[in-house]
2 protein chains.
Amino acid sequence: MHVSSFQPPPRTLMGPGPADVHPRVTAALARPTIGHLDPAFGAMMEELKGLLRYAFRTDNPLTMPVSAPGSAGMECCFVNLVEPGDKVIVCINGVFGSRMRENVLRAGGEAVVVEDDWGRAVDPQKLADALVAHPDAKLVACVHAETSTGACSDVKTLVELAHRHGCLAIVDAVTSLGGSPLEVDAWGIDAVYSGSQKCLSCTPGLAPVSFSERALTKITARSTPVQSWFLDLNLVLGYWQGASGSGKRAYHHTAPVNALYALHESLVMLAEEGIERAWARHRRNHLALRAGLTALGLELVVPEAERLPQLNAVAVPGGIDEAAVRARLLETYSLEIGAGLGALAGKVWRIGLMGWSSRAENILLCLGALGSVLADMGHAADTGAALHAAQAELGAGRGH
Amino acid sequence: MHVSSFQPPPRTLMGPGPADVHPRVTAALARPTIGHLDPAFGAMMEELKGLLRYAFRTDNPLTMPVSAPGSAGMECCFVNLVEPGDKVIVCINGVFGSRMRENVLRAGGEAVVVEDDWGRAVDPQKLADALVAHPDAKLVACVHAETSTGACSDVKTLVELAHRHGCLAIVDAVTSLGGSPLEVDAWGIDAVYSGSQKCLSCTPGLAPVSFSERALTKITARSTPVQSWFLDLNLVLGYWQGASGSGKRAYHHTAPVNALYALHESLVMLAEEGIERAWARHRRNHLALRAGLTALGLELVVPEAERLPQLNAVAVPGGIDEAAVRARLLETYSLEIGAGLGALAGKVWRIGLMGWSSRAENILLCLGALGSVLADMGHAADTGAALHAAQAELGAGRGH
């Protein structure tokens with residue numbers, strides 16, 4: 001075997017995640033590995049749980065990162081909360097709602113689907129109707145920030161509806177955590193999962209989760225074992241919380257030590273900025289990007305009231321080969337933007353302004369590069385005007 | 001929230017894993033994050049698969065890292081290969097065999113247990129008897145290197161027996177990969193999983209796996225869906241191998257980009273050393289540690305012919321508080337050694353010489369520190385003699 005060390009090309013990451021990772025976070029990642037049962041590591045774990053509670057806006061004791069990517073965080077919620085035969089109403093308005101349905105089925109549950117168009121928020125009325133039609137439903141599942149489309153749903157209202165009908169609510173907050181208002185306690189969310197590589201701007205590979213007391217009660221009252229050993233919260237808790245009363249951590253699996261250093265650092269940075277200020281920054285930068293895109297003659301596919309600031313789905317203009325544009329951006333400017341997924345494949349680009357990617361210089365690079373490439377491909381685009389529009393918006397935002 | 005950046009205390013890791021991580025690996029970990037669908041990342045993934053084939057000694061096309069710790073690698077093997085009702089013979093001689101049984105049950109299988117004493121290898125005759133008694137068994141599962149005891153089982157013979165009776169063989173190689181001879185193809189292993197943080201000396205969080213053609217045939221012929229969406233190889237393959245024929249990688253989950261850089265680097269280092277030379281180094285250093293432990297009046301619990309070189313279970317001398325010894329080693333010398341697990345809890349220490357931890361200076365530190373602490377606690381230990389014995393063995397090993 002003759003393989004050399006891998007030297008990744010430095011990129012600017014403005015796709016749907018991973019986002020740019022701050023040097024402080026990669027520096028944390030590279031610190032010396034210590035044992036997963038080391039007392040010093042245990043102290044770090046406690047801080048990490050507190051920082052996650054801060055980010056999720058919750059006091060839930062059961063708040064921690066799952067040692068695997070966001071998709072495993074999703075699976076953790078479903079395999080613990082769904083028992084065979086449980087009826088679950090799943091709101092689908094993009095790829096990740098469909099994935100939730102798949103998780104319900106694989107956990108032995110029955111899925112009732114409430115569908116909305118891709119690029120739109122979930123319609124609360126449809127959920128209300130489904131809850132009336134299915135009084136035996138046990139759970140409602142919905143996606144807060146649909147990463148595949150850039151639509152933001154009114155989770156507060158959806159959770160209220162679920163509770164009114166005696167259901168627990170599972171919420172996908174992969175793309176919302178740290179980027180736009182998410183209030184786990186104030187909204188009464190029972191189970192929520194996220195990912196490290198979106199608005200937390202950490203490296204990919206961890207899935208923060210949080211569970212309410214109600215959710216924990218359902219989990220501990222299960223009559224069947226959780227089908228996944230790795231994701232069984234009854235076992236994971238022994239490590240993250242220690243055996244009840246004893247304060248002693250029980251070995252479950254070997255925690256991804258260095259990845260947890262990185263998540264800790266990214267959350268320290270979030271706390272330093274202040275989460276409301278982080279939300280405001282994502283919003284301000286979104287407005288600047290939008291002003292520039294508009295000046296380029298490009299349109300966002302999600303209606304304004306339902307738009308996420310951190311993920312912007314842009315309609316590909318007619319006659320433009322969307323994949324060729326992305327390839328040019330990557331080759332010429334080392335800039336990554338995302339393709340469409342599922343029903344939006346080939347129709348949109350997804351421009352992420354997540355975490356540390358959400359900053360002024362990235363917006364100008366993206367508009368400048370996209371405008372130039374589109375102009376070169378024959379699309380009438382005034383790149384200078386786009387940059388000025390964005391800059392004006394950034395200046396106005398700073399004034400607040 | 002006021003939490004500071006976490007600065008882990010530098011440790012010498014001589015427990016059951018994680019092992020010491022080489023600075024080249026942490027440097028790789030901290031390289032810039034790029035997208036999980038970036039062409040440059042795809043090229044790295046191909047190299048990584050090749051490097052894993054080298055380490056596993058296999059040509060299996062289906063060889064890759066699962067994006068989660070070793071326990072998830074175990075679960076990946078079981079949920080893909082076990083269908084509800086399948087009878088699986090599980091050889092148990094420690095913690096990880098028991099965990100395999102748990103995985104069989106949670107996948108809906110029926111587990112037939114073949115038990116051996118903790119600290120001993122699996123007895124092939126017991127497996128042969130079980131295969132005769134259960135002609136309807138579909139799978140045999142066994143642990144190559146029992147991390148909880150330090151015993152090495154004769155996997156070549158166990159797999160031969162399984163095949164003779166028409167069973168596929170699942171092997172746990174978490175602690176053996178890279179540290180002692182493991183021949184996936186020559187031994188005919190059908191499914192094998194490992195961990196990044198043992199003899200590969202990478203950070204924890206990834207689980208290399210490899211599946212034979214026979215295993216893949218069973219997986220693709222399943223009549224029931226794999227219960228885990230995250231670990232369903234039919235889906236994971238679309239990302240790691242590309243949709244059949246198209247060569248295009250399909251999004252499944254966001255790969256843990258930086259962790260994969262680190263695994264790549266640790267495998268590049270293994271290939272540079274040469275795997276046979278790595279095995280020989282683990283063996284040589286084990287003999288040196290053993291010579292020193294003997295001089296300290298300490299005994300290894302596993303019979304010589306069944307001992308792993310990379311994990312040494314040492315009997316705690318009578319009258320010694322084993323936890324106090326470990327605490328002293330950690331506090332005074334920043335040295336981690338492992339406690340016993342399960343049936344061996346309180347009775348042994350587990351001293352790891354895995355990957356980059358398996359080097360001369362670690363052996364001398366461990367013997368010097370352990371000897372001094374034991375002497376201080378009243379155990380008659382001649383630390384100087386132990387160091388000389390180890391050094392003599394290291395010198396003799398170098399002469400070969």
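Not measured: the values here are computed from a predicted model.

*Asks:* Describe the overall build of chain A, with residues and values.
*Replies:* Within chain A, the secondary structure is distributed over 14 helices and 13 strands. A compact globule built from 400 residues should have a C-alpha radius of gyration of about 21 Å, and chain A, at 21 Å, falls within 12% of that. On the principal axes, the C-alpha backbone points of chain A span a range of 65 × 55 × 50 Å. Counting contacts in chain A only where the partners sit at least 6 residues apart, residues at least 24 apart contribute 72% of the total.

*Asks:* So what's going on with the interface of chain B and chain A? Residues and values would help.
*Replies:* Facing the 68 residues of chain B at the interface are 69 residues of chain A. For the side of chain B that touches chain A, the secondary structure elements donating two or more residues are helix H1 (23–29), helix H2 (39–56), helix H3 (70–81), helix H4 (95–106) and helix H10 (257–273) of chain B. Per element, the largest residue contribution to the side of chain B that touches chain A is eight residues, and it comes from H10(B). Its residues assigned to classes, the side of chain B that touches chain A shows 35 nonpolar, 24 polar and nine charged.

*Asks:* I'd like a description of the packing of helix H3 (residues 70–81) of chain A against helix H4 (residues 95–106) of chain A, backed by residues and values.
*Replies:* Residues and elements named next belong to chain A. Two numbers describe how H3 lies on H4: the axes approach to 9 Å, and their chain directions differ by 40°. As judged from the angle between their axes, H3 and H4 are oblique. Classified by chirality, the crossing of H4 by H3 is right-handed. Two secondary-structure elements touch here, H3 through Met74, Glu75 and Phe78 and H4 through Arg99, Met100, Asn103 and Val104. Across the contact of H3 with H4, the residue classes tally to four nonpolar, one polar and two charged.

*Asks:* Explain the pairing of strand S12 (residues 335–339) of chain B residue by residue, including any values.
*Replies:* All names here are of chain B. Counting buried residues along S12, four of its five residues qualify, which places the element largely inside the surrounding structure. Bridge count for strand S1 (residues 12–14) against S12 is three bridges, and the pairing is parallel. Pairing of Leu13 across the sheet is with Glu336, part of S12. The pairing of S12 with strand S13 (residues 348–352) spans two bridges and is antiparallel. Its bridge partner lying in S13, Gly338 is registered against Arg350.

*Asks:* Just give me the short version of the domain arrangement of chain A, but keep the residues and values in it.
*Replies:* Often, the extent of an interface is quoted as the loss of accessible area on bringing the components together. Residues and elements named next belong to chain A. On domain assignment, one finds that chain A holds domain 1 (15–271) and domain 2 (274–399). Taken over C-alpha atoms, the centre of domain 1 sits 28 Å from the centre of domain 2. Contacts between the two partners involve 31 residues from domain 1, matched on the other side by 27 residues from domain 2. Of all elements in the fold, only helix H2 (39–56) and strand S7 (151–152) reach the threshold of two or more residues within the side of domain 1 that touches domain 2. Tallied by class, residues from the side of domain 1 that touches domain 2 come to 15 nonpolar, 13 polar and three charged.

*Asks:* Break down helix H10 (residues 257–273) of chain A for me, citing the residues and quoting the values.
*Replies:* Residue and element names in this part refer to chain A. Relative to the 24 Å expected for 17 residues at 1.5 Å per residue, H10 spans 25 Å between its end C-alpha atoms, a close match to the ideal helical length. Counting buried positions along H10 yields 14 of 17 residues, so the element is predominantly enclosed. Phi for Gly274, located one or two positions after H10, is positive at around 95°.

*Asks:* Report on the environment of B:Thr220, specifying residues and quantitative values.
*Replies:* Its place among the elements puts B:Thr220 in helix H8 (residues 213–220). Residues B:Thr220 and B:Gly94, 126 residues apart in the sequence, show an inter-C-alpha distance of 32 Å.

*Asks:* Let's hear about helix H8 (residues 213–220) of chain A: which residues, and what values?
*Replies:* One full turn of an α-helix is made of 3.6 residues, so residues set three or four places apart face in the same direction. All names here are of chain A. Every buried residue of H8 is accounted for by Ala215, Leu216 and Lys218. Down the axis, H8 shows its buried residues gathered within 160° of arc, on one side only. Residues of H8 that are exposed and point more than 90 degrees away from the buried face comprise Glu213, Thr217 and Thr220. Each element contacted by the buried residues of H8 is listed here: strand S2 (62–66), H3, strand S8 (168–172), strand S9 (191–193) and strand S10 (207–211).

*Asks:* Tell me about the packing of helix H12 (residues 322–333) of chain B against helix H13 (residues 360–376) of chain B, and please be specific about residues and values.
*Replies:* All names here are of chain B. For the pair H12 and H13, interaxial distance at closest approach is 10 Å and the crossing angle is 120°. Taken together, H12 and H13 sit at an angle that is classed as oblique. The way H12 lies across H13 gives a crossing that is right-handed. Where H12 approaches H13, its residues Val325, Arg328, Leu329 and Tyr333 are matched on the opposing element by Leu365, Ala369, Leu370, Val373 and Leu374. When the residues that make up the contact of H12 with H13 are grouped by side-chain class, the tally is eight nonpolar, no polar and one charged.

*Asks:* A description of the relation of the copies chain B and chain A should follow, citing residues and the corresponding values.
*Replies:* Screw-axis analysis of chain B against chain A gives a translation of 0.0 Å along the axis, an RMSD of 0.0 Å, and a rotation angle of 180°. Each copy turns onto its partner about a two-fold axis. The rotation axis passes nearest to the C-alpha of B:Ala68 in chain B, at a distance of 2.5 Å. Counting the interface residues of chain B, we find that 100% of their copies in chain A are interface residues as well, pointing to one common contact surface.

*Asks:* Pulling in residues and values, what's your account of the pairing of strand S4 (residues 110–115) of chain B?
*Replies:* Side-chain direction in a regular strand flips from residue to residue, so the side chains alternate between the two faces of the sheet. Residue and element names in this part refer to chain B. In this sheet, S4 lies alongside strand S3 (residues 87–92) in parallel orientation, the contact comprising six bridges. Across the sheet, Ile92 pairs through a bridge with Glu115, a residue of S4. Handedness of the S3-H4-S4 crossover: right-handed.

*Asks:* Describe unusual backbone geometry, listing the residues and the values that go with them.
*Replies:* Looking along the chain, the bond that leaves A:Gly17 and enters A:Pro18 is cis, with omega of 5°. Its place among the elements puts A:Pro18 in the loop between strand S1 (12–14) and helix H1 (23–29). Of note, B:Arg57 is a non-glycine position whose phi angle comes to about 55°, a positive value. As for its placement among the helices and strands, B:Arg57 is situated in the loop between H2 and strand S2 (63–66). For B:Arg57, a count of 17 C-beta atoms within 10 Å translates into the label partly exposed.

*Asks:* Describe the sheet that holds strand S4 (residues 110–115) of chain A, listing the residues and the values that go with them.
*Replies:* Consider a sheet: its strands pair through backbone hydrogen bonds, and that pairing is either parallel or antiparallel. Residue and element names in this part refer to chain A. Ordered by their spatial adjacency, seven strands build an open sheet running S2-S10-S9-S8-S5-S3-S4, and the pairing between neighbours is mixed. Two strands in the sheet have a free side with no partner beyond their single neighbour: S2 and S4. When the angles between neighbouring strand axes are averaged without regard to direction, this sheet yields 15°. Bridge analysis of S2 against S10 gives five bridges, and the strand direction is antiparallel. Looking at S10, one finds that Thr63 is bridged to Ser210. The sheet strands contacting helix H6 (residues 155–164) are strand S3 (87–92), strand S5 (139–143) and S8, and the helix crosses S8 at an angle near 155°.

*Asks:* Talk me through the environment of B:Asp117; I want residue IDs and the actual numbers.
*Replies:* All names here are of chain B. Its place among the elements puts Asp117 in the loop between S4 and helix H5 (124–133). On the neighbour-count criterion, Asp117 (12 C-beta atoms within 10 Å) is exposed. Distance in space between the C-alpha atoms of Asp117 and Glu304 is 15 Å, their sequence separation being 187 residues.

*Asks:* Let's hear about the sheet that holds S3(B): which residues, and what values?
*Replies:* Residues and elements named next belong to chain B. Taking strand neighbours across the sheet as the criterion, the seven strands line up as S2-S10-S9-S8-S5-S3-S4 in an open arrangement whose pairing is mixed. At either end of the open sheet lies a strand with only one pairing partner, and these are S2 and S4. The sheet shows a mean angle of 20° between the axes of neighbouring strands, direction not considered. As paired elements, S3 and strand S5 (residues 139–143) share three bridges and run parallel to each other.

*Asks:* Run through the confidence of the model for chain A, naming residues and quoting values.
*Replies:* Residues at a pLDDT of 70 or more form 98% of chain A, whose mean pLDDT is 96. Overall fold confidence for the complex sits at a pTM of 0.97, while the interface term, ipTM, reaches 0.97.

*Asks:* Quick one: what's the story with the environment of A:Leu62, residue by residue and with numbers?
*Replies:* Residues and elements named next belong to chain A. Inspection of the secondary structure puts Leu62 in strand S2. Expressed as a C-alpha distance, the spacing of Leu62 and Gln241, which sit 179 residues apart in the sequence, is 8.2 Å. The contact partners of Leu62, leaving out residues within four places of it in the chain, are Ser210, Phe211 and Leu216.

Cut-offs applied
Residues numbered from 1 in each chain as written. Chains lettered and ligands numbered in written order. Predicted model: local features only at pLDDT ≥ 70, side-chain atom pairs only at ≥ 80, totals over all residues. Helix = DSSP H or I, 4+ residues; strand = E, 2+ residues; numbered from the N terminus. Rg over C-alpha atoms; globule rule 2.2 N^0.38 Å. Contact = placed C-beta atoms within 7 Å. Nonpolar A, V, L, I, M, F, W, Y, C, P; charged D, E, K, R; others polar. Axes fitted to C-alpha atoms, helices over the stretch in contact; angles between N-to-C directions. Parallel < 35°, antiparallel > 145°, perpendicular 65-115°, else oblique. Left-handed = near helix turned anticlockwise from the far one by under 90°. Buried ≥ 20, exposed ≤ 12 C-beta atoms within 10 Å, placed from the backbone. Pairing = 2+ DSSP bridges. Domains from an automatic or database assignment. Expected span 1.5 Å × (residues − 1). Arc of directions from axis to C-beta. Least-squares fit on C-alpha atoms with pLDDT ≥ 70 in both. Right-handed = clockwise from strand over helix to strand, strands pointing away. pLDDT = per-residue confidence, 0-100.

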